[in-house]
Amino acid sequence: AEAHGFEFEHVSFRYPGSQQYVLKDFSCKAEPGRHVALVGRNGAGKSTIVKLLCGLYTDYEGTIRIDGVDLRTLDLRKYQDRIAAVFQESRVIPATVLENITLQEENTPEEEGRAKEALRLMGLYGKVESLPKKLETPVGKAIDPEGLELAGGERQNLVICRALYRGGGILLLDEPTAALDALAEHEVYTHFHEISRKATTVFISHRLNSTRFCDEIWLLDQGRIAERGSHEELYRKGGIYSRMFR
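Residues numbered from 1 in each chain as written. Predicted model: local features only at pLDDT ≥ 70, side-chain atom pairs only at ≥ 80, totals over all residues. Heavy atoms only, no water.

1. Some thoughts on the overall build of the chain
Each helix and strand counted, the chain has ten helices and ten strands in total. The C-alpha atoms of the chain give 19 Å as radius of gyration, which agrees with the globular expectation for 246 residues (18 Å, within 12%). Counting over 246 residues, the chain shows a buried share of 50%. Restricting to contacts in the chain with at least 6 residues of sequence separation, those with at least 24 account for 67%. Accessible area for the chain stands at about 12300 Å²; split by element, carbon and sulfur atoms hold 48% of it. Placing the 33 positive and 37 negative side-chain charges of the chain at their respective mean positions leaves the two points 5 Å apart. (Helix = DSSP H or I, 4+ residues; strand = E, 2+ residues; numbered from the N terminus. Rg over C-alpha atoms; globule rule 2.2 N^0.38 Å. Buried < 20%, exposed > 50% of the residue type's maximum accessible area, 1.4 Å probe, protein only. Contact = heavy atoms within 4.5 Å. Areas by Shrake-Rupley, 256 points an atom, 1.4 Å probe, with all protein chains shown as cover. Lys, Arg positive; Asp, Glu negative; His and termini not counted. Charge placed at Lys NZ, Arg CZ, Asp CG, Glu CD.)

2. As for the sheet that holds strand E4 (residues 61-66)
Spatially, four strands are ordered E2-E1-E4-E5 in an open sheet, and the strand pairing comes out antiparallel. Here the strands that pair on one side only, and so sit at the sheet edges, are strand E2 (23-30) and strand E5 (69-70). Where E4 lies against E5, two bridges are found, and the strand directions are antiparallel. Bridging from a neighbouring strand, Ile66 pairs with Val69 of E5. Where helix H1 (residues 46-53) meets the sheet, it contacts strand E1 (6-13), E2 and E4, and its direction lies at approximately 115° from that of E1. (Pairing = 2+ DSSP bridges. Axes fitted to C-alpha atoms, helices over the stretch in contact; angles between N-to-C directions.)

3. Section: helix H6 (residues 152-166)
An ideal rise of 1.5 Å per residue puts 21 Å on 15 residues; H6 measures up with 22 Å between its terminal C-alpha atoms. With twelve of 15 residues buried, H6 is to be regarded as a mostly interior element. Of all the positions in H6, only Gly153, Glu154, Gln156, Asn157, Leu158, Val159, Ile160, Cys161, Arg162, Ala163, Leu164 and Tyr165 are classed as buried. Two residues or fewer past H6, Gly167 is found with a positive phi of approximately 70°. (Expected span 1.5 Å × (residues − 1).)

4. Here's the deal with the sheet that holds strand E9 (residues 216-221)
In space, the six strands of this open sheet follow the order E6-E7-E8-E3-E9-E10, with mixed pairing throughout. In the strand order of this sheet, the two ends are held by strand E6 (83-87) and strand E10 (224-229), each with one partner. Adjacent strand axes in the sheet meet at a mean angle of 15° when their direction is disregarded. One ladder, built from four bridges, connects strand E3 (residues 35-39) with strand E8 (residues 200-204); its direction is parallel. Paired with His35 across the two strands is Thr201, which belongs to E8. Seen against the sheet, H1 touches E3, E6, strand E7 (170-174), E8 and E9 and runs at an angle of roughly 145° to E8. Against the sheet, H6 engages E6 and E7, with an angle of about 165° to E6.

5. So, the pairing of E3
Among the five residues that make up E3, five are buried, leaving the element largely enclosed by the rest of the structure. Burial of the side chains of E3 extends over both faces: His35, Ala37 and Val39 are buried on one face and Val36 and Leu38 on the other. Pairing between E3 and E9: four bridges, direction parallel. Bridged to Val39 within E9 is Leu219.

6. What to know about the packing of aromatic side chains
Tallied over the full model, the rule gives six aromatic pairs. Each ring, one from Phe6 and one from Phe8, has its centre 6.1 Å from the other, and the planes form 80°; the classification is edge-to-face. Both residues of the pair, Phe6 and Phe8, belong to the buried class. Ring plane angle 70° and centroid distance 6.4 Å describe the contact between Phe6 and Trp218, whose orientation is recorded as edge-to-face. Note that Phe6 is positioned in strand E1 and Trp218 in strand E9, a separation of 212 residues in sequence. A relative accessible area of 3% means that Phe6 is categorised as buried. Members of the aromatic cluster, connected to one another through ring pairs, are Phe6, Phe8, Phe26 and Trp218. (Phe/Tyr/Trp six-rings, centres within 6.5 Å; stacked < 30°, edge-to-face > 60°.)

7. A closer look at the packing of H6 against helix H7 (residues 182-189)
The contact between H6 and H7 brings their axes to 9 Å, and the two run at 30°. Classed by the angle they form, the pair H6 and H7 counts as roughly parallel. Where H6 crosses over H7, the handedness of that crossing is right-handed. Taken together, the residues of H7 that come into contact with H6 (itself represented by Gly153, Glu154, Gln156, Asn157 and Ile160) are Ala184, Glu187 and Val188. (Parallel < 35°, antiparallel > 145°, perpendicular 65-115°, else oblique. Left-handed = near helix turned anticlockwise from the far one by under 90°.)

8. Comments concerning the environment of Arg114
Of note, Arg114 is situated in helix H4 (residues 109-121). You can call Arg114 partly exposed: its relative accessible area is 33%. Separated by 53 residues in sequence, Arg114 and Gly167 have C-alpha atoms that sit 9.7 Å apart.

Structure, rendered in structure tokens:
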């Protein structure tokens, strides 16, 4: 899939029924293939940006463009097929490893191959291949006492496999590791460069350490980008990011 660039131009947004703007006159631009980390306090508008990029809300002011084209004019179904998102709430399901990745019961050899590729990228392939039923192993003990029990980091890696399998020009990771401890989180992000090679990636994390994997950090404050740059640049600047990091 081709990486897609995106741009927000003077976007203001408040959730239905709310008087308060989450984003106010917000502008930003990400070139195709960039890896951007969004950081900032809770309520700064990070998840809202991801939801708007997913096309989940349309009643915003201003313009969002994908590859220069107004998002409002795109066929939403087709567009959503070209993006992949992992949210904090994403869960594994009581089904086989393969079904967890493809989210369907019948899979062609080509689909199976893509699922294996996703497992490789997330460092789970060896573990799955060593099992007697391989991809057909059920996840969790709920359906099968012989089922595969995964640790927290591995579970989250399997959920990310699902997004990678979908593929897409934009990969959105909204705190996918919030529930993990630092070690398990590190295990997920050791694969980060591999997985995001081809896609424009927007990555929200509450742990600033994991943002070092990104080309650029956008620090959101009260619905605007207050600081942007690499980890080193922002750390040296001695502003909000540097204080948060310390």
